[in-house]
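Reading the structure
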Amino acid sequence: MKPISIMLSALALSMASSAIMADSAGLPHVISQLNISPAISLPNVSPMNSDLANRGAYIARTADCMACHREDYSGGVAIETPIGNIYSTNITPSTRYGIGNYTEADFKKALQKGRAPTHQLYPAMPYPSYHGIADADISALFAYFQTVPPVEESPEKITKLPFPLNIRTLMLAWNVINVPSTENRTGLTQTQQRGEYLVNNLEHCGTCHTPRNLTQGLDKKKYLSGAPLGKWYAPNITPDNDSGIGRWSENDIVTYLRTGMLDKRAYAGGPMAEAVAHSTRYLSDDDLSAMAAYLKVVPILKTDDYVIPIDTSRLPNPVSSSITYNLIEQKDYLAQAKTSTNAHSNNDRNSSKALYLAACGSCHGVDGYAQPDARYASIVGLSSIRRVKPDALINVIAYGAKGALNTAPKMPGFEKELSHAQIASITNYVRINFGGLPTSDVSAADVKRILK
């Protein structure tokens, strides 16, 4: 392998960061007080801890630490990369297995430069974004981690990459090119500055939503315009009306970040569901509003994966006003629909409607409205099924999805149960019947290409 190829392969590790540079002296950038929405409480705030540590607990949620390191910070979560899995580490204050021996200076260097006391970190830990975290927030975060119960064991699995990718010092050259991952803009209001700090640094939104350059760092010219993410695709979140979220109001953005849902438009799944579950639903109303205000003024970028405008006249109506919460009524209606479909299709179990009813109907309902009260997601009108590219829908059908709330049932994947042709058939059925599209011609070859 040529030296440049070795370097580029190593740099590909940066694609693994989980699914947001600031002046630490500016008041908008520093979390100065807890302002939690009355609708939700922060579970890791304790009256036994100092105000500084409790502020750090909020910052830990804002930085989405738990999505990769688990709720107890014990680590061991597999982060997929093109060259193998990187496993998160124990970041509890265990002196043997965690970061109990870290000084605050060590902690700051790890967050901002990806440098642990004994080794270089891989950018699966999003230090290119954390590079801009304010010193005051780092101090609070460090104080909080001193209060976390230590987990006195190493994760079951640790990162073992093949030579030469196991040479972590290769990341030093990568850092010169790609750290920091963003730059501050001028001309923003104080609220927008606060939103910029949250989006670019603590929440590190660009880690998932910004495409990569040749070195696998963030491509700043395509900031937040959408990017592939393993089995998922993080969509364009610039304010473009067609391919981004330009038609969303600031209140829509706040609602989505708080709940993971936006009626007839969006439902968070995969990495975004994790971000909502572990992080954004805990943010204060002021902080969510700041993020929304900033996202409305980022540079508009149009991509070819636009959302087809919704035609409400083509969307189904619920069969009754009670079916979305009456389990018996929905069960009986599903049985009737299956019987009717089999009769009309001569028991062809591979007809598109029969496939949908068999694999999807018991959760999402015959007409797609499901049972939201029981956390089964309505899929009528969702933007993910109205995109020109069907990749997101196909991946959900094949690999399943987990909702943003712990009480939401996990959707199973059907990759092993359904053929590529059957997945294509369900995809077309859903896009036409619940997305309101006039046509959809996804083929088995399309499914094979996307899943590959």
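Residues numbered from 1 in each chain as written. Predicted model: local features only at pLDDT ≥ 70, side-chain atom pairs only at ≥ 80, totals over all residues. Heavy atoms only, no water.

1. Things to note about the packing of helix α13 (residues 327-344) against helix α14 (residues 352-359)
How we decide: Axes here refer to lines fitted to C-alpha atoms; in helices the fit is confined to the stretch in contact. Angles between the N-to-C directions go from 0 to 180 degrees. Secondary structure elements are defined from DSSP: runs of H or I of at least 4 residues count as helices, runs of E of at least 2 residues count as strands, and each element is numbered from the N terminus. Here is the rule for angles: anything less than 35 degrees is roughly parallel, anything more than 145 is roughly antiparallel, 65 through 115 is roughly perpendicular, and the remaining ranges are oblique. Crossing chirality is assigned from the near helix's rotation relative to the far helix, an anticlockwise turn below a right angle marking it left-handed and a clockwise turn marking it right-handed. Contact definition: two residues touch when any of their heavy atoms are within 4.5 Å.
Following both chains from N to C, one finds α13 and α14 inclined at 150°, their axes separated by 10 Å at the closest point. When the axes of α13 and α14 are compared, the pair comes out roughly antiparallel. When the axes of α13 and α14 are compared, the crossing they make is left-handed. Contacts from Leu 334, Ala 337, Lys 338 and Thr 341 in α13 reach Lys 353, Ala 354, Leu 357 and Ala 358 in α14.

2. Some thoughts on the nonpolar core
To be explicit about the condition: Put simply, a nonpolar core is a bunch of buried Ala, Val, Leu, Ile, Met, Phe, Trp, Tyr and Cys residues held in one set by side-chain atoms that sit within 4.5 Å of each other. Any residue under 20% of the maximum accessible area for its type is buried, any over 50% is exposed, and the rest in between are partly exposed; the area is computed with a 1.4 Å probe on protein chains only.
In this structure, Tyr 73, Phe 107, Tyr 144, Phe 145, Val 199, Leu 224 and Met 291 are the most contacted members of the largest nonpolar core, which totals 68 residues. Val 366, Ile 385, Phe 414 and Val 442 belong to the second-largest nonpolar core, a separate cluster that totals 26 residues.

3. Side note on the confidence of the model for the protein
Heads up, the rule is: The score called pLDDT rates the predictor's confidence residue by residue, from a low of 0 to a high of 100.
The predicted model of the protein averages 87 in pLDDT, with 88% of residues at 70 or higher. Taken element by element, the protein is modelled with least confidence in helix α1 (residues 3-11), mean pLDDT 38, and with most confidence in helix α8 (residues 190-202), mean pLDDT 98. Low confidence marks residues 1-29, where pLDDT is under 50. Its contacts with residues over four positions away, or in another chain, come to 92 contacts. Scored below 50 in pLDDT, residues 31-39 shows 24 contacts in the model against residues more than four places distant or in partner chains.

4. Quick word on the environment of Gly 435
When you line up the elements, Gly 435 lands in the loop between α17 (420-433) and α18 (444-451). Overall, the relative accessible area of 1% leaves Gly 435 in the buried class. For the pair Gly 435 and Gly 368, spaced 67 residues apart in sequence, the C-alpha separation works out to 9.8 Å. Non-local contacts of Gly 435, meaning those with residues more than four positions away in its chain, are made with Leu 315, Ile 385, Arg 386 and Val 430.

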